[in-house]
Amino acid sequence: MKVITRFAPSPTGYLHIGGVRTALFNWLFAKNNNGLFKLRIEDTDVKRSTQEAKEAIIKGLKWLQLDWDEDEVYQSKRIKRHKEIGNELLKLGHAYKCYCSPEELTEMREQARKEKRAPRYNGKWRDKDDSEAPNNVKPVIRIKCPQAGSTEINDIVQGNISIKNNELDDFIILRSDGTPTYMLSVVVDDYDMGVTHVIRGDDHFTNTFRQQHIYNALNWPLPKYAHIPLIHGMDGGKLSKRHGALGVDSYDDMGYLQETMLNYLLRLGWSHGDKEIISREEAIKLFNLDSIGKSSAKFDIERLTSLNAYYIENKNNEDLVTAVKNYYTNKKNINIDNEDLTLILNGMNGLKSRARTINELAEMCSFYIEKAPITLDKKSKKVLNDDNISALKLYYKQLLKLEEWNKIKIEEDIKMYCQENNINLGKLAQPLRAAITGKAVSPGLYELMEVLGKSETLARIININN
RNA sequence: GUCCCCUUCGUCUAUCGGUUAGGACACCAGGUUUUCAUCCUGGAAAGAGGAGUUCGAUUCUCCUAGGGGAUACCA
């Protein structure tokens, strides 16, 4: 049987890290099994669902290239079908009408709590006849769950877990206004979409016991379940805004690479021996549900950042130049011309080992984009005191005579000059860097002088703007 | 409150009864580098606590503690 997985977010906020990881695991499992990965937007809560949230979900999945098969399913468009099934359940005698008022239900819960029992509906209308119904109350439809015995779930991640049926109550499947509840909708949709494996956050774990009774009543085959642990913040609590509860797109914004995010999220809760660096293709080959851990993991942005540095350093230079270009056009509204793009490309080897995010990389390129006289930052200004400036202007005269302009010749020239004039190399190199880049730290000096070219380099020295 | 799950270095994790408990990130020290970063070498760093089972427990069982989740006419 063909494996079919699904990602079923509700569009009530941004697509956060935990959601994306769930999507990733579904996607990988489907790919690993040559199956289908489907997307279903659970937008039945009209009050909380927003268009922006829908777009954020789609944007996030696209960013990570977690492409889904077929058109996405909007749950709101399937309400008619859910009602149909709900009413069928009623007809079959697996469900019944309940006329309890909200006040009554609250009372039931309070009563149960007082008696140290699980707060649950007491089944008041389970066996009553419709003739006893109050005439101006619209009923909800509740499903009949077994009252004795226990229900067991065989979960791929969590193992075999069972709970006593008296912990479950007859939950609502159709509201008094006739609309279906989540519990019904998921089951119907998963069934209709042919979902074979439900991989979701383990906050849904206890729902599974309930949903199972809907499957049973309908005589539908149960999908396989894999409930994956939730991701927590560094403080061990819920993922808060400080700790990664941002939308995934904000990581894109911060300059994290899509491949970094994929690799990081994959390794959070899943492992393959000591393997840390895993490409998309490898992940598809290696992924399995059995290697998912049962304990929750903490989101560590430091780790994400260092992984990002790795992926930046190993990305090809042309792609990085494109990323830098996009950064400037999208975030700074600056269009970099081809000539400067060439400088950046030529200087990329020296840049990329120093950047941990695309944003850092882009900012680092600034001195390739500027033209003499360039702006100097605080530290470079400090380096460029009068003594150092006059030393530079002296050296300028020798540099002017250098004919072959490449990093080896430049290095030879500088070293020779220092030796002849009995100057400490650092005494000359550091001011040179400051004058040429406007910064106190930069890629290798000789390399960037070569990339910049002779005339621009000389222009920057002679035009020091301090 | 009730039910369910979890617990190995700071973090992500390996270990499927016998290991000097391994790796990665972060951290510290040294080396390379004109700077910074990369890179290389080394270091510190863990089985929540307590009972059992066993010749032997990180690994199996139970209890305790801590954490998380679920307990809606939300999804």
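The rules behind these values
Residues numbered from 1 in each chain as written. Chains lettered and ligands numbered in written order. Predicted model: local features only at pLDDT ≥ 70, side-chain atom pairs only at ≥ 80, totals over all residues. Heavy atoms only, no water. Helix = DSSP H or I, 4+ residues; strand = E, 2+ residues; numbered from the N terminus. Rg over C-alpha atoms; globule rule 2.2 N^0.38 Å. Buried < 20%, exposed > 50% of the residue type's maximum accessible area, 1.4 Å probe, protein only. Contact = heavy atoms within 4.5 Å. Areas by Shrake-Rupley, 256 points an atom, 1.4 Å probe, with all protein chains shown as cover. Lys, Arg positive; Asp, Glu negative; His and termini not counted. Charge placed at Lys NZ, Arg CZ, Asp CG, Glu CD. Pairing = 2+ DSSP bridges. Axes fitted to C-alpha atoms, helices over the stretch in contact; angles between N-to-C directions. Near = heavy atom within 4 Å. Nonpolar A, V, L, I, M, F, W, Y, C, P; charged D, E, K, R; others polar. Parallel < 35°, antiparallel > 145°, perpendicular 65-115°, else oblique. Left-handed = near helix turned anticlockwise from the far one by under 90°. Salt bridge = Lys/Arg side-chain N within 4 Å of Asp/Glu carboxyl O. Phe/Tyr/Trp six-rings, centres within 6.5 Å; stacked < 30°, edge-to-face > 60°. Lys NZ or Arg CZ within 6 Å of the ring centre and 35° of its normal.

Each helix and strand in chain A was counted, giving 20 helices and 12 strands. Relative to the globule expectation of 23 Å for 466 residues, the C-alpha radius of gyration of chain A, 32 Å, shows a markedly less compact shape. Overall, chain A is about 110 × 45 × 40 Å in size when its C-alpha atoms are taken along their principal axes. For chain A, buried positions account for 49% of its 466 residues. Taking as baseline every contact in chain A between residues at least 6 positions apart, the subset at least 24 positions apart corresponds to 76%. If you sum the accessible surface of chain A, you get close to 23400 Å²; carbon and sulfur atoms cover 47% of it. On chain A, the mean spot of the 68 positive side-chain charges and the mean spot of the 65 negative ones are 3 Å from each other.

So, about the sheet that holds strand S2 (residues 36–41). The strand order across the open sheet built from 3 strands is S1-S2-S3, with neighbouring strands paired in parallel fashion. A single partner strand is all that each edge strand has here, and the edge strands are strand S1 (4–7) and strand S3 (73–74). Pairing analysis gives 4 bridges linking S1 to S2, with the strands arranged parallel. Paired with threonine 5 across the two strands is phenylalanine 37, which belongs to S2. Running over the sheet, helix H2 (residues 51–63) touches S1, S2 and S3 and is turned about 160 degrees from S2.

As a further point, take the protein's contact with RNA strand B. Around RNA strand B sit 65 residues in total, of which Asp45, Pro119, Arg175, Gly269 and Ser353 are the nearest. The sugar and phosphate moieties of RNA strand B supply 68% of its atoms located within 4 Å of the protein. Counting residues per element, the surface near RNA strand B draws most heavily on helix H18 (residues 425–437), at 5 residues. Of the residues belonging to the surface near RNA strand B, the class tally is 21 nonpolar, 21 polar and 23 charged.

With that settled, the discussion passes to the packing of helix H3 (residues 79–91) against helix H5 (residues 182–192). Two elements in contact, H3 and H5, have axes whose closest approach is 10 Å; the angle formed by their N-to-C orientations is 105 degrees. On the basis of the axis angle, H3 is roughly perpendicular to H5. Residues Arg81, His82, Ile85 and Gly86 of H3 form the contact with H5, whose participating residues are Leu184, Ser185, Val188, Asp189, Tyr191 and Asp192. Residue classes in the contact of H3 with H5 are distributed as 4 nonpolar, 3 polar and 3 charged.

With that out of the way, let us pick up the sheet that holds strand S5 (residues 140–143). With antiparallel pairing, 3 strands are arranged side by side in an open sheet as S4-S5-S8. At either end of the open sheet lies a strand with only one pairing partner, and these are strand S4 (95–98) and strand S8 (172–174). Between one strand and the next, the sheet's axes are offset by a mean angle of 45 degrees, whatever the strand orientation. Bridge count between S5 and S8: 2 bridges; the pairing is antiparallel. Pairing of arginine 142 across the sheet is with isoleucine 172, part of S8.

A few words on the packing of H5 against helix H6 (residues 205–218). With their axes 10 Å apart at the nearest point, H5 and H6 run at an angle of 60 degrees to one another. Of the possible angle classes, the one that applies to H5 and H6 is oblique. Considering only the axes of H5 and H6, their crossing is right-handed. Here Tyr182, Met183, Leu184, Val186, Val187 and Asp190 of H5 lie close against H6, whose contacting residues are Asn207, Arg210, Gln211, Ile214 and Tyr215. A per-class count over the contact of H5 with H6 returns 7 nonpolar, 2 polar and 2 charged.

This model, assessed by the stated rule, comprises 23 salt bridges. The salt bridge partner of arginine 6 is aspartate 190, with a shortest N-O separation of 2.9 Å. One end of the pair, arginine 6, is in strand S1; the other, aspartate 190, is in helix H5, with 184 residues separating them in the sequence. Residue classification places arginine 6 among the buried residues on the basis of a relative accessible area of 4%. The residue lysine 332 makes a salt bridge to glutamate 363 at a minimum N-O spacing of 3.1 Å. Taken as a pair, lysine 332 in helix H11 (residues 317–332) and glutamate 363 in helix H13 (residues 358–364) lie far apart in primary sequence, 31 residues in all. Classification of lysine 332 as partly exposed rests on a relative accessible area of 38%. Here the salt bridges do not stand alone but share partners, grouping Arg6, Arg40, Glu42, Arg78, Arg81, Glu84, Asp189, Asp190 and Asp192 into one network.

Let us look at the side chain of glutamine 258. Relative to the elements of secondary structure, glutamine 258 occurs in helix H8 (residues 258–267). Setting aside anything within four residues of it in sequence, one finds glutamine 258 in contact with Trp63, Leu64, Gln65 and Arg280.

So, about the packing of aromatic side chains. Tallying each qualifying case throughout the model produces 11 aromatic pairs. For the pair phenylalanine 367 and tyrosine 368, a centre-to-centre distance of 4.5 Å together with 45 degrees between the ring planes defines the contact as tilted. Each member of the pair, phenylalanine 367 together with tyrosine 368, is buried. Through successive ring pairs, a cluster of aromatic residues spans Tyr251, Tyr256, Tyr264 and Phe299. Directly above the aromatic system of tyrosine 121 lies the positively charged group of arginine 142, at a separation of 3.6 Å from the ring centroid.

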